[in-house]
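# Secondary and tertiary structure notes
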Amino acid sequence: MVKDDCASNTIPLPNVSSKTMTKVIEYWKKHFELEETDELKTFDKNFLKVHLSELCDLIIAANYLDDKELLDALLIEPEEICQAYNIKYVKKRSNE
């Protein structure tokens, strides 16, 4: 239940940083504004072009927030990396 003074308070999300939550909200806004269009596909493709550590943070946030659509989209990138490259490359990239 929402209290009247909730706008002045914060909602604790212990597993999600403010930077990561900002990215999640950006994703939600685009998916709310745009329907299945080429522009949305381009946005999704560009959205996934982040450093591996940021991608991991986004995956954790999507899982914590129980956003299956976002989680599915985010898991495509690591899957493709693992399929395309050998384990040494993946380990090297994760340590960048």
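Residues numbered from 1 in each chain as written. Predicted model: local features only at pLDDT ≥ 70, side-chain atom pairs only at ≥ 80, totals over all residues. Heavy atoms only, no water.

### With respect to the overall build of the protein
- If you tally the helices and strands in the protein, you get five helices and zero strands.
- For the protein, the sequential pattern of α-helices and β-strands runs α-α-α-α-α.
- Per-residue burial for the protein yields a buried fraction of 29% across its 96 residues.
- Across the protein, the fraction of contacts at a sequence separation of at least 24, relative to all contacts at a separation of at least 6, is 52%.
- Approximately 7,500 Å² of the protein is accessible, and the part contributed by carbon and sulfur atoms is 55%. (Helix = DSSP H or I, 4+ residues; strand = E, 2+ residues; numbered from the N terminus. Buried < 20%, exposed > 50% of the residue type's maximum accessible area, 1.4 Å probe, protein only. Contact = heavy atoms within 4.5 Å. Areas by Shrake-Rupley, 256 points an atom, 1.4 Å probe, with all protein chains shown as cover.)

### Observations concerning the pattern of salt bridges
- Tallied over the full model, the rule gives one salt bridge.
- The closest approach of N and O atoms between K68 and D72, which form a salt bridge, is 3.2 Å. Taken together, the positions of K68 and D72, both in helix α4 (residues 68-84) and four residues apart, correspond to about one turn of that helix.
- Taking the relative accessible area as the measure of exposure, K68 reaches 59% and is therefore exposed.
- For D72, a relative accessible area of 39% puts it in the partly exposed group. (Salt bridge = Lys/Arg side-chain N within 4 Å of Asp/Glu carboxyl O.)

### Observations regarding the side chain of K23
- For K23, the position within the fold is in helix α1 (residues 18-33).
- Nearest to the buried, unbridged K23 among oppositely charged side chains is E26, at 4.1 Å.
- With sequence-adjacent residues up to four places away left out, K23 is seen in contact with F47, V50, E54 and L58. (Lys, Arg positive; Asp, Glu negative; His and termini not counted.)

### Focus on unusual backbone geometry
- Although it is not a glycine, D66 adopts a positive phi angle of roughly 60°.
- On the secondary structure map, D66 appears in the loop between α3 (52-64) and α4.
- A residue is classified by how much of its surface remains accessible, and D66, at 69% relative accessible area, is exposed.

### Brief notes about helix α2 (residues 38-47)
- Of all the residues in α2, the buried ones are L40, F43 and F47. One side of α2 carries all its buried residues, which in axial view fall inside an arc of 60°. What points out from α2, more than 90 degrees from its buried face, is the exposed set D38, K41 and K45. (Arc of directions from axis to C-beta.)

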